Protein chains: 2
Amino acid sequence: MPYAVKVGKVSSVADLTPLFNPKSVAIIGASNNPEKIGNVIVKNIKECGFSGQIYPVNPKEKEIEGYTCFTNLSEIPEKPDLAVICVPAKHCSNIMEECGKLGIKAAVVITAGFKEIGPAGLEMEKRLVSISNRYGIKMVGPNCVGIMDTHIPLNASFSAGFPQKGDIAFISQSGAMLVSIMDWSRSAGLGFSRVISLGNKAVLDEADFIDAIADDPVTKVILCYIEDVHNGKHFLEAASRASKKKPVIVLKSGTSQAGAQAASSHTGALAGSDLAYETAFTQAGIIRARSMTELFDLATCFSYQPLPQGDRIAIVTNAGGPGIVTADAIENSNLTMARFDKGTLDLFREKLPPEANIYNPVDVLGDAKSDRYRFAIETVLKDPHVDSVVVLVCPTAVTDAENIARQIIDLHEKYPDKPIFAAYMGGVVLAEGSKLLTKAKIPVFTFPEPAIYSIAGMNKYVRSFNDEREAGDLDFDDIDRNRVKAIFYDVIRDRRSVLLGSEAAAVAEAYGISAAPIKLATYPEEAVDLAEELGYPVVLKVASPKIMHKTDVGGVKIALNTADQVRNAFIEIMENVQRYLPNVIPHGIEVSKMMPRGTELIVGMTRDVQFGPLIAFGLGGIYVNLLKDVSFRLAKGLTRNEITTMISETKAYTLLRGYRGEKPADLVSIIEMVARAALLVNDFQEINEMDINPVFAYKDGYSALDIKITIDI
Amino acid sequence: MPYAVKVGKVSSVADLTPLFNPKSVAIIGASNNPEKIGNVIVKNIKECGFSGQIYPVNPKEKEIEGYTCFTNLSEIPEKPDLAVICVPAKHCSNIMEECGKLGIKAAVVITAGFKEIGPAGLEMEKRLVSISNRYGIKMVGPNCVGIMDTHIPLNASFSAGFPQKGDIAFISQSGAMLVSIMDWSRSAGLGFSRVISLGNKAVLDEADFIDAIADDPVTKVILCYIEDVHNGKHFLEAASRASKKKPVIVLKSGTSQAGAQAASSHTGALAGSDLAYETAFTQAGIIRARSMTELFDLATCFSYQPLPQGDRIAIVTNAGGPGIVTADAIENSNLTMARFDKGTLDLFREKLPPEANIYNPVDVLGDAKSDRYRFAIETVLKDPHVDSVVVLVCPTAVTDAENIARQIIDLHEKYPDKPIFAAYMGGVVLAEGSKLLTKAKIPVFTFPEPAIYSIAGMNKYVRSFNDEREAGDLDFDDIDRNRVKAIFYDVIRDRRSVLLGSEAAAVAEAYGISAAPIKLATYPEEAVDLAEELGYPVVLKVASPKIMHKTDVGGVKIALNTADQVRNAFIEIMENVQRYLPNVIPHGIEVSKMMPRGTELIVGMTRDVQFGPLIAFGLGGIYVNLLKDVSFRLAKGLTRNEITTMISETKAYTLLRGYRGEKPADLVSIIEMVARAALLVNDFQEINEMDINPVFAYKDGYSALDIKITIDI
């Protein structure tokens, strides 16, 4: 199944200059009534300090907010760069048509009442999309709050309040969320570069904006709130490219359980509906926020501070308890407590009071004033074994929170390359110091844990950044694609979607996967011949895609060692099946070589509608759904390095390396096998589900035993 | 090993009336110097509005803060109820002695410089404890900030600022944390009933205060910040009793990884150092906060709102996005989205605008004013399928946040039994409404997730509250304790700590656990006789506590079916051991019956220094440490119901119920076996570690195969 394609998607990377940096803006549906959106937008554009031309359009007005009002677009003396449309939904396509004819290249459709209200709205929306595509208009919305750029400046939205200038871009699928955040940011003191309300994202979507903002020199961090992704391929490409340049932090909501239940394969059942997003985000280098608080904590830290060069954190505190709480958070986040340099310890021993704790967390004691804080902070900032510094301040009788803030600010200017964070643990007494820090862009929290979780997010980004992915190393010169096509042809002609075991094994073999030999016999003597050819012992299994639980109907006989046993087993199986399932006519009986047991693995594939095939690897056998020891990756763009990482994330890896004195398995051949499976499902989008379970891993090589493949043409 | 006992612990439940409700307070070390703690304390007691007598004691002063100052305690015209001591450490024991002689029954020792500074300080602290015990003085500290009671009122501390009157008690092992929180609470508007700084908790500790505050009528919630517990037994008793009356919320820091690594048993290695706390908290009905933010969010919600009667939550919102984010948080917290009553839906269909979403989350739309909010909130408050209500407010052009707040407040008064929470998603525009809510004790958050996590904590409490524990149902009348003592006697006489397999099996048998028959043979013919007695097939295994990996030295022979095979195996094993380990003289060779395979389980025990034996249950076999499918409970006070819950928490449970068509195992006998193991380790505190792995579970009964017991006398 191909990626779901959005109605009329323009696939080229969008140049969004006319949207964010227009020389002139027309507002169609402008109004003098202050309760109308058409008035708020004109006012917002005017009041934000926009330096270009403003052209309100409304046949009933002469002047709006001091600007000459035009009867229609064509009356305007120049061609506007940007059209902001807030006329009723039924008029929108006419206006868009007019824009197209005039050569206007960008439009923000504020108006609601499209796809979100049902089939009639969807029809109107499709018309908008088709006009937009015909004329190449970059369209935002419909059903959106608008867009903002604080640096141009431009506020083409009906949001109350324009944010402070800053370096955070915020892309939101929820208009309400956007308006909320704009209001919240004013009290939190956070600045934004660009703010985009996606609305119904009929033409431009999150991927287009991520792509464009990746190259925006004033944006340091990209934040997204999304509820879904329409075009997984484009999203992945855009996010992967952007995250190499700046952090992309996403809060994805709507992570419900539905969907996973329908899956019929082990791999599908294990994956769940959110897993494709999770995997895609990881592989694209996206940092996923788990809550709104986390989204904005991360945004603040990325915006205000440089990236840490490693995970070693130093704590400077004036009290023990908060130091322990912070150290716990560091441990829980898989970060490291810095171990100080000898020079640092010597200096502390010499200059701090004897009761001070000179090891991390450095406790400068309750009577510490700003000079002692400064000394301790500067010393750890200089220590080469420290990557980030967290300063904790509790209000004691002598604590001078403002002066300590000034020292932190000064030291950050002196050592701008090492990130520094503060927890001002109190309210009233520390409020002024805390304000100074925020103003100077030192992230400050009331309690220490969020500081640590934010540092963990920054470290995750730095690490993902360092994982250079070498593309295209999953290529093999021994693949027989025609053989796979021939098998699929037989299956389709047979009006089946489930491959027989012998067919699935042949598909695997065509891709160089060592499947346990398995052949189809249609009469007893053929089974005996095949058994002799494969070598004893063999297994006989009824071949029918209609029989799900073969053992239950007496359809399986194992450990057959002689021609007689094979002959009798064939007849017995056929009799059993006829007795239990009189209406099923089996394709025959599959004869397979009984392989020696090895470490049981599963290699599988499930397909996500947005992100394509997901490869699974883990502990196999009959308990696979119980143990849930499975790691996933998108098959697309998978590399050998990532396969190795994927394998190492499972408990199966511990077994493969030789657990409790057992011999290590042939890991190289397992990696190769996963690579071949990934290539197979990338090449054949019609493979809907695949389970290879078990794969027996041996000291030398492996054997893929039971391969289930479902195709969907 | 017995519970660690604290120096001179007074074990009776403390009557803390003289501490919190004294008629008179003496401050020894009072001062006129405003920079001295001795001055701050007098001022704090005076300014909080304390109505009793205040007696400063300082030989150098005549008057302090308007009160007559006394040269020493005996000069005071009456016997003070409470002594607050802030003289230098070296004088503290003299003062305590004086207090004792005068019959003063309560003391707060503020002074630092005791245990925390090393051996010299520890000596002084021991002296304080011994005086305190001799005279029966309830002593807080030393090295603490003091205590507060806002209802008496009394502020016997040097904390800057006295909290608002409220119903939250806060017990803190960190003085700095306490002072921080007092400062923070003033800006957050949170009120407290009692505040206790534990300091070194030389006499009174968290358990004493939890115990006392359990009965305090003005306290609704007990909050604790602790770094360790000195007396696990007392703590468990106090917390279990208190949590039946009111929620006890604990932030336990110092959850480091050290300690777990030393464990030699599987069970010990799986447990880790934090697990005993985790298990003890769960069994005592304590709610564990994971961060400071969570601690105070929970405190606020418990303090402000009634307990929810179930886990079904209704969301009322004026925007879609935030509703989805909230629904996600509900799903992630294992809470339930309420499904409305038909009446509710009919009413919504009739009275809300047609575009509104009438299902949960109820979207009253962006143009909703306070009347529509009121209607929707009241309707869900009345719905019998709703247990808690969360109101989300985003700032749109028409949102009147203050009036919405007034409606919420009014409705909460009208429906006081159903908890209600708000997320005011914004800053400036919503600030006044948010303040109104806080003042009226409606918990209000900026983002919705913390509201949901707090509701989850409240639900957890309600559930734990409902789990009535019937004590003492682990009693059996077929236990042979003398047989166990006799075996332990032999082991000790042998100067061993590890039991032989045959000894461990005998111990298990004495407690009615079906161990696979195993006997010790010291020469070949004895092994043959035992094999004939047990019945073939048998296993022979070298018996020596010095040989850890018996297979590696050729010390194990399995599936022996004849007398000849047994004879040869005996000789071969002895030869192998002599060759590989010439210095080891085995105790003999253990002959055991080879049992049919069943579902492999582990039942084990590790002992925590504070909380005593922890029982483990889970998937057994050689992969036990890899799969980590183990659930733990404190053995003390364990009931059959809890054993059933414990088993049901593991994946092993899925297997036992009959996985993928297998026959279910005999769960009743497994529960009985765990109960017997728990009784054994409760009875014999000298059992240091125990692993029974594997236990084979069968359709009928089970068999305990390999039992390892270590004792420590």
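Criteria and cut-off values
Residues numbered from 1 in each chain as written. Chains lettered and ligands numbered in written order. Predicted model: local features only at pLDDT ≥ 70, side-chain atom pairs only at ≥ 80, totals over all residues. Heavy atoms only, no water. Helix = DSSP H or I, 4+ residues; strand = E, 2+ residues; numbered from the N terminus. Buried < 20%, exposed > 50% of the residue type's maximum accessible area, 1.4 Å probe, protein only. Lys, Arg positive; Asp, Glu negative; His and termini not counted. Charge placed at Lys NZ, Arg CZ, Asp CG, Glu CD. Contact = heavy atoms within 4.5 Å. Buried area = accessible area lost by both parts, 1.4 Å probe. Salt bridge = Lys/Arg side-chain N within 4 Å of Asp/Glu carboxyl O. Polar contact = N/O pair within 3.5 Å; in protein donor to acceptor, adjacent residues only side chain to side chain. UniProt positions renumbered as here; feature names shortened; annotations may be inferred. Pairing = 2+ DSSP bridges. Axes fitted to C-alpha atoms, helices over the stretch in contact; angles between N-to-C directions. Parallel < 35°, antiparallel > 145°, perpendicular 65-115°, else oblique. Left-handed = near helix turned anticlockwise from the far one by under 90°. Arc of directions from axis to C-beta. Least-squares fit on C-alpha atoms with pLDDT ≥ 70 in both. Expected span 1.5 Å × (residues − 1). Nonpolar A, V, L, I, M, F, W, Y, C, P; charged D, E, K, R; others polar.

For chain A, the count of helices and strands is 24 helices and 30 strands. Across its three principal axes, chain A shows a C-alpha extent of roughly 95 × 80 × 40 Å. The buried share of chain A, taken over its 713 residues, is 59%. Of note, chain A has its 75 positive side-chain charges centred 2 Å away from the centre of its 87 negative side-chain charges.

Take the interface of chain A and chain B next. Counting residues at the interface gives 56 residues for chain A and 57 residues for chain B. Taken together, the two surfaces of chain A and chain B that pack against each other cover about 4,600 Å², and 62% of this comes from carbon and sulfur. Area buried by chain A at its contact with chain B is led by Asp 183, Phe 447 and Leu 626 of chain A, which between them contribute 14% of it. Taken together, chain A and chain B are joined by zero salt bridges. Taken together, the links from chain A to chain B amount to 14 residue pairs in polar contact (both at pLDDT 80 or more). For the side of chain A that touches chain B, the secondary structure elements donating two or more residues are α5 (175-188), β13 (248-252), α10 (292-304), α11 (320-332), α16 (449-466), α21 (624-627) and α23 (651-656) of chain A.

Glancing now at the UniProt feature "domain: ATP-grasp" (unreviewed entry) in chain A. The UniProt record annotates "domain: ATP-grasp" (unreviewed entry) at residues 505-541 of chain A. The distance from the first to the last C-alpha atom of residues 505-541 of chain A is 14 Å, and the span holds 46% helix and 22% strand.

Next up on the list: the sheet that holds strand β7 (residues 138-140) of chain A. Residue and element names in this part refer to chain A. An order of β2-β1-β5-β6-β7 is seen for the five strands of this open sheet, with the pairing classed as parallel. Every interior strand has two partners, whereas the edge strands, β2 (53-57) and β7, have only one. Mean inter-strand twist for the sheet, computed between neighbouring axes without regard to direction, equals 15 degrees. Where strand β1 (residues 24-28) lies against β2, five bridges are found, and the strand directions are parallel. Bridging across to β2, Ser 24 finds its partner in Gln 53. The sheet contacts of helix α3 (residues 89-102) involve β1, β5 (82-85), β6 (106-109) and β7, and relative to β5 the element is tilted by about 175 degrees.

For the rest of this paragraph, the subject is the packing of helix α6 (residues 206-214) of chain A against helix α7 (residues 232-245) of chain A. Residue and element names in this part refer to chain A. One can describe the packing of α6 onto α7 by two numbers: an axis separation of 8 Å at closest approach and a directional angle of 25 degrees. Judged on the interaxial angle alone, α7 and α6 are roughly parallel. Here α6 runs over α7; the crossing is left-handed. Side by side, α6 and α7 meet where Glu 206, Ala 207, Asp 208, Ile 210, Asp 211 and Ala 214 of the first sit next to His 234, Phe 235, Ala 238, Ala 239, Arg 241, Ala 242 and Lys 245 of the second.

Turning to helix α12 (residues 342-351) of chain A, a few remarks are in order. All names here are of chain A. Thr 344, Leu 345 and Phe 348 are the residues of α12 that are buried. Mapping the buried residues of α12 onto a view down its axis gives an arc of 95 degrees, with all of them on the same face. Projecting away from the buried face of α12 at angles above 90 degrees are the exposed residues Lys 342, Glu 350 and Lys 351. Buried positions along α12 lie against β17 (362-363) and α13 (370-382).

Turning our eyes to something else, we now look at the environment of Lys 252 of chain B. Along the chain, Lys 252 of chain B falls in strand β13 (residues 248-252). Residue classification places Lys 252 of chain B among the buried residues on the basis of a relative accessible area of 6%. Distance from Lys 252 of chain B to Asp 228 of chain B, taken between C-alpha atoms, is 7.3 Å for residues 24 residues apart in sequence. The residues touching Lys 252 of chain B, leaving out its near neighbours within four places in the chain, are Asp 328 of chain A together with Ile 226, Glu 227, Asp 228, Tyr 277, Phe 281 and Arg 288 of chain B. Polar contacts involving the side chain of Lys 252 of chain B include one to the main-chain carbonyl oxygen of Glu 227 of chain B, which spans 3.3 Å.

This next bit is on the sheet that holds strand β1 (residues 24-28) of chain B. Sheets are built from strands that pair by backbone hydrogen bonding, the pairs being arranged parallel or antiparallel. Residue and element names in this part refer to chain B. Within the open sheet, the five strands sit side by side as β2-β1-β5-β6-β7. Their pairing is parallel. Only two strands of the sheet have a single neighbouring strand rather than two, namely β2 (53-57) and β7 (138-140). Strand-to-strand twist of the sheet, defined as the mean angle between neighbouring strand axes without regard to direction, takes the value 15 degrees. Sheet topology note: the strand β6 (residues 106-109)/β7 ladder contains three bridges and is parallel. Among the inter-strand pairings, Ala 106 is bridged to a residue of β7, identified as Lys 138. Against the sheet, helix α3 (residues 89-102) touches β1, β5 (82-85), β6 and β7, its axis set at about 175 degrees to β5.

Below, the discussion takes up the relation of the copies chain A and chain B. When chain A is fitted to chain B, the best match, at an RMSD of 0.1 Å, comes from turning it 180 degrees and sliding it 0.0 Å along the axis. Taken together, the rotation and translation relating the two chain copies correspond to the operation of a two-fold axis. It is Leu 627 of chain A whose C-alpha, among those of chain A, lies nearest the rotation axis, at 3.9 Å. A symmetric contact is evident, with 100% of the interface residues of chain A recurring at the interface of chain B.

Turning to α5 of chain A, a few remarks are in order. Structurally, the α-helix is built with 3.6 residues per turn, so residues lying three or four positions apart point the same way. Here α5 of chain A spans 20 Å end to end across 14 residues, near enough to the 20 Å set by a 1.5 Å rise per residue. Within α5 of chain A, 10 of the 14 residues are buried, leaving the element largely enclosed by the surrounding structure. Burial in α5 of chain A covers these residues: Ala 176, Met 177, Leu 178, Val 179, Ser 180, Ile 181, Met 182, Asp 183, Trp 184 and Ser 185 of chain A. Considering only its buried residues, α5 of chain A is in contact with β8 (146-149), β10 (164-172), β11 (191-197), β12 (221-226) and α10 of chain A together with α11 (320-332) of chain B. Its side-chain oxygen 3.5 Å from the backbone nitrogen of Ala 176 of chain A, Ser 174 of chain A forms the N-cap of α5 of chain A. In the segment just after α5 of chain A, Gly 189 of chain A is the residue with positive phi, at about 80 degrees.

Now for the packing of helix α14 (residues 401-414) of chain B against helix α15 (residues 431-439) of chain B. Residue and element names in this part refer to chain B. Two elements in contact, α14 and α15, have axes whose closest approach is 7 Å; the angle formed by their N-to-C orientations is 15 degrees. Classified by the angle their axes make, α14 and α15 are roughly parallel. By crossing handedness, the relation of α14 to α15 is classed as right-handed. Together, Ala 401, Glu 402, Ala 405, Arg 406, Ile 408 and Ile 409 of α14 and Glu 432, Gly 433, Leu 436 and Leu 437 of α15 make up the contact between the two elements. Its residues placed into classes, the contact of α14 with α15 shows six nonpolar, one polar and three charged.

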